[in-house]
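Residues per chain are reported as follows:
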Amino acid sequence: MKQITNTIVMIRPVQFRMNEETAVNNYYQENISIADANTKAQQEFDEFVKVLRKAGVNVIVIDDDPDNNTPDSIFPNNWVSFHENGDVGLYPMFAINRRRERRPEVLDIIEASGFEIKNIVDYTIAEEEEVFLEGTGSLVLDRVNRKAYCALSARADEELLIEFCEDFEYNPVIFTAYQTVERKRLPIYHTNVMMGVGETFAIVCLDCIDDKKERKNLVNHLKNDGKEVIVITEGQVGNFAGNMLQVAGSEDKRYIVMSTAAYNSLTKDQITRIKKHCEILHSDLTTIETLGGGSARCMMAEVFLPRK
């Protein structure tokens, strides 16, 4: 079992804008006008892909379909996950316009890139019941230790999480993570905004977990699995410092990938601790973060599928 991969899928946007359907519970989106938002998002996307490829990451870039009117297609990790045994997970999405992001041709292109899909595990029928679990946005997976960390929210249903864990043989680690919005504590929409798990370390905002037992349980799981726990603040979460992903580059070199805003929010001590484990890659994603309310990790769907 591997925790990180060298291959990721990224969807190049064609109609990027603020998605009004997701803004109801994604409090990181900002409803401001940015001229030429799609062009700027494409420029940020292309530069990000360059940074990754320069480090030796195998990036499969697929263009979004302009006919679908899918403003959030740039975040494919919410609708699909790819696993080492050849399984693909398809997930139920909260926003109706995001459901159009699930395109069979994406899977065809991945197969054409030399990967083998053996089985599709499809949870999307849950949308009929208004039940959601948004892929590796809702699930932060420790693939080696078979743990699925999940902050429950409108986009992460507990029963569906348990079903995923039974199907994919994971143990659930369940909690609720909050953020302060206009002095109210409201659930964070995706787990991967406030934590990420690498091979030998984890980035996590413990201040988001108000329940002390849940917080202690989370830390115990990470430490028992030998992870160094690097704690970030709620302010840093607001700069997407929780939205990181560790990947493998050329010659099996390890990198942690984040946005420039996330990197700039880190303290010297946090950077030193991260660099003990791997090098840091970052790229400016200001437009994508501001309007999309997601960042670097959300843009990368990891491919763990076996090669043909």
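Residues numbered from 1 in each chain as written. Predicted model: local features only at pLDDT ≥ 70, side-chain atom pairs only at ≥ 80, totals over all residues. Heavy atoms only, no water.

Within a pair of aromatic rings, the relevant descriptors are the distance that separates the centres and the angle that separates the planes. In total, this model carries five aromatic pairs according to the counting rule given. With 5.9 Å between their ring centres and 25 degrees between their planes, Y91 and Y123 make a pair best called stacked. With Y91 in the loop between β4 (87–90) and α2 (104–112) and Y123 in the loop between β5 (119–122) and α3 (135–138), this pair connects stretches of sequence that are 32 residues apart. In terms of burial, Y91 and Y123 fall into one category: buried. Summarising the aromatic geometry, the rings of F94 and F132 are spaced 5.6 Å apart at their centres and angled 80 degrees between planes, so their arrangement reads as edge-to-face. With F94 in the loop between β4 and α2 and F132 in the loop between β5 and α3, the pair connects residues that are 38 residues apart, well separated along the chain. Among the residues examined, F132 registers a relative accessible area of 4% and is labelled buried. Taken together, Y91, Y123, F164, F168 and Y170 form an aromatic cluster joined through their ring pairs. In this arrangement the basic side chain of R146 is found over the ring face of Y170, its NZ or CZ atom lying 4.0 Å from the centre. (Phe/Tyr/Trp six-rings, centres within 6.5 Å; stacked < 30°, edge-to-face > 60°. Helix = DSSP H or I, 4+ residues; strand = E, 2+ residues; numbered from the N terminus. Buried < 20%, exposed > 50% of the residue type's maximum accessible area, 1.4 Å probe, protein only. Lys NZ or Arg CZ within 6 Å of the ring centre and 35° of its normal.)

Here we come to the side chain of S153. In this structure, S153 sits in the loop between β7 (147–151) and α4 (158–168). In terms of polar contacts, S153 uses its side chain to reach the backbone carbonyl oxygen of Y189, at 3.2 Å. Not counting the four nearest positions on each side in its chain, S153 is found in contact with P187, I188 and Y189. (Polar contact = N/O pair within 3.5 Å; in protein donor to acceptor, adjacent residues only side chain to side chain. Contact = heavy atoms within 4.5 Å.)

Glancing now at the sheet that holds strand β8 (residues 171–175). With mixed pairing, the three strands of this open sheet are ordered in space as β6-β7-β8. With partners counted over all chains shown, the strands left at the sheet margins are β6 (139–142) and β8, one partner each. Across the sheet, the mean angle from the axis of one strand to that of its neighbour is 20 degrees, orientation sign disregarded. Bridge analysis of β7 against β8 gives five bridges, and the strand direction is parallel. When the sheet's bridge partners are listed, Y149 is paired in β8 with V173. Packing of α4 onto the sheet brings it into contact with β6, β7 and β8, and relative to β8 it is tilted by some 160 degrees. (Pairing = 2+ DSSP bridges. Axes fitted to C-alpha atoms, helices over the stretch in contact; angles between N-to-C directions.)

What follows deals with the nonpolar core. Note on soluble globular proteins: their nonpolar side chains tend to be buried together. Judged by nonpolar contacts, the single largest core of 37 residues is most densely connected at Y149, F175, M194, M195 and L218. Listed by contribution, the elements that provide at least two residues to this core are β7, β8, β11 (195–197), β12 (201–204), α5 (212–224), β13 (228–231), β15 (254–259) and α8 (268–275). When residues of this core are assigned to their parent elements, the largest contribution, four residues, is made by β12. Filtering out sequence-adjacent residues up to four positions away, M195 remains in contact with V140, Y149, F175, I203, V204, L218 and G242. Counting residues in each nonpolar core, the second largest holds 26 residues, with V257, A296, M299 and M300 among its members. (Core = buried A, V, L, I, M, F, W, Y, C linked by side-chain atoms within 4.5 Å.)

Positionally, E111 belongs in helix α2. Looking at E111, the relative accessible area reads 27%, which means it is partly exposed. Counting along the chain gives 71 residues from E111 to K40, while the straight-line C-alpha distance between them is 30 Å. Residue contacts for E111: discarding those within four places in its chain leaves I117 and K308.

Let us now look at the environment of T260. Looking at the element boundaries, T260 is found in helix α7 (residues 260–265). Looking at T260, the relative accessible area reads 18%, which means it is buried. Measuring from C-alpha to C-alpha, the distance between T260 and R98 comes to 26 Å, with 162 residues separating the pair along the chain. When neighbours within four sequence positions are excluded, T260 is seen to be in contact with H282, S283 and D284.

As a further point, take the state of the cysteines. Scanning all chains against the criterion turns up zero disulfides. Free of any disulfide, C165 has its nearest neighbouring cysteine sulfur in C150, separated by 8.1 Å. The closest cysteine sulfur to the non-disulfide-bonded C205 is located on C208, 3.3 Å from its own sulfur. Taking the relative accessible area as the measure of exposure, C205 reaches 0% and is therefore buried. (Disulfide = S-S within 2.5 Å.)

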